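# Observations on the three-dimensional arrangement
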Amino acid sequence: RDAYLAHLLKLNGVTREEADRIAQERYQQLEADFKYAQEKGFDPKPQTLAGAWQGYRGGPEPQDDQPQTGVDPQRLSELLLALTMTPTDFHLHPKLARTVERRRQMASGQLPLDWSAAEALALATLALEGHPVRLTGQDSVRGTFSQRHAVLHDAENGRRFEVFQHLGHGQAPVEVVNGPLCETGDLGFQYGYSLDYPEALVMWEAQYGDFANAAQVVIDQFLVSAEDKWRRLSGLVLLLPHGYEGSGPEHSSARLERFLALAAEHNIQIAVPSTPAQYFHLLRRQVKRRWRKPLVVMTPKSLLRHPQAVSALEDFSPGSGFQRIIPGSAMPGDRGQSSEVRGQDKKDQPERVLLTSGKMYYELLAAGGAKNGRERPDVALIRVEQLYPRPEKELRAALADIPDGTPVYWVQEEPENMGAWPYWRQTYGERLFGRPLARIARPESASPATGSSSAHKREQQLLVDRALGHS
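I will try to describe carefully the structure that is included in this document.

Analysis parameters
- Residues numbered from 1 in each chain as written.
- Predicted model: local features only at pLDDT ≥ 70, side-chain atom pairs only at ≥ 80, totals over all residues.
- Heavy atoms only, no water.
- Phe/Tyr/Trp six-rings, centres within 6.5 Å; stacked < 30°, edge-to-face > 60°.
- Helix = DSSP H or I, 4+ residues; strand = E, 2+ residues; numbered from the N terminus.
- Buried < 20%, exposed > 50% of the residue type's maximum accessible area, 1.4 Å probe, protein only.
- Lys NZ or Arg CZ within 6 Å of the ring centre and 35° of its normal.
- Pairing = 2+ DSSP bridges.
- Axes fitted to C-alpha atoms, helices over the stretch in contact; angles between N-to-C directions.

What characterises a pair of aromatic rings is the spacing of the ring centres plus the angle enclosed by the ring planes. All chains considered together, the criterion is met by 15 aromatic pairs. Taken together, a centroid distance of 5.6 Å and an interplanar angle of 85° make the contact between Phe-145 and Tyr-208 edge-to-face. Placement of the pair is Phe-145 in the loop between β1 (133-137) and β2 (151-153) and Tyr-208 in the loop between β5 (201-205) and α7 (216-223), with a sequence separation of 63 residues. Seen from their ring centres, Tyr-193 and Tyr-197 are 4.8 Å apart, and the 25° between their planes marks the pair as stacked. Owing to a relative accessible area of 22%, Tyr-193 belongs among the partly exposed residues under this scheme. A residue is classified by how much of its surface remains accessible, and Tyr-197, at 36% relative accessible area, is partly exposed. In textbook terms, an aromatic cluster arises when at least three aromatic residues are bridged by ring pairs, as seen for Trp-410, Trp-424, Tyr-428 and Phe-433. The ring of Tyr-56 carries Arg-290 above its face, with NZ or CZ at 4.0 Å from the centroid. Over the ring of Phe-433 we find Arg-396; its NZ or CZ atom is 3.9 Å from the centre of that ring.

Spatial ordering of the open sheet is given by β4-β1-β5-β6-β8-β7-β12, a layout of seven strands whose pairing is mixed. Each edge of the open sheet carries a strand with a single partner, namely β4 (174-178) and β12 (386-388). Between one strand axis and the next, the sheet turns by 20° as a mean value, whatever way the strands run. Of the pairings in the sheet, the one linking β5 to strand β6 (residues 237-241) comprises three bridges and is parallel in character. Bridge assignment links Trp-204 to a residue of β6, and that residue is Leu-238.

As structure tokens, then:
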């Protein structure tokens, strides 16, 4: 205080007498409040959500807050077509012309929707419903995997065209910005932004999920603990590309295990959506619910263009929504709406249950789709789309027709000391709802992944073979 006062005195901004009077008045007020707090019958009133946060809530995940996230397919088709429109004098790059044409085919129903189209529709529909959208990251405008293209550049003169700014009259703003190469600063800024705009979809995207480790201090000190420490809520979304593609230790793991280790008291949400429709509903649910918690999404890399990781327009329609668990062996695209675990006949009951998430589901599905020329009723393949808060009700339902003694395996790409397995083991021990629980994973390792593409392929094949009982 003395140093600051000396500075103010030099600027003639205050006299010493004024400063002493201010200090004395403040001291007296603090003393009075302290005395009042010690009086018998004093009832401290906890801070409540007010101002911009009035009407929102934290605490445990509510069961009565399940908003309608589906949108009329005709409306989505119109929006998807609108997202392909550019000014008549705009010169689109020839390589992007193919992408635009595919979008138009998706809009007309000739092609199912891929991941990028689903994301674009989630952002567009929210903006038209009055929710501001903000997405930043090191390469978010184009998309690290050249999948987004939120801003187009004229191939002849470099003129910019922002795709999401021409959706319709009265739309909320959609900001997609390339952030600085400083994860701590960028994530910290977006976290602060989310504190002032609870009605907005605010997202930060790591170029690769691994790069979130450079922002760990923001995650630990603010994102996962602010509600418990200061009663501050945030709906910030972290998009973290995750998946073992043989690209080495720095481009494989978004460190799922770290977020699960930080998960407690329903402080965050952790999801690994496996289809475009699931991703669409997840992003819209994040804003449409009045429950506000940070959302960590393990987003795909190879699945961005996987021929089976697609969804029909009907999967986005009213009546559909995000599924925490997708039961049975449903084919990709239908999100398991009507799928059931096969084998009600005793001879066809599953001999093992495989729980998995993300890219691993498609690899298991491709390798185990047939046995001696027929489908595999001996293996039940269940996708866990939301890891936290734990979807125990949905998981119990998915396992309801499985005999108690049937072994359940958690199948993951990561080493056994990483990924979701440590959390599963800590939570459920050796049995999951009366069934033996074990893991199929890479051996424990100090590094997230091998740097050898050939070694990665051998490891991945071994995982799949073990999961399906081939070795």
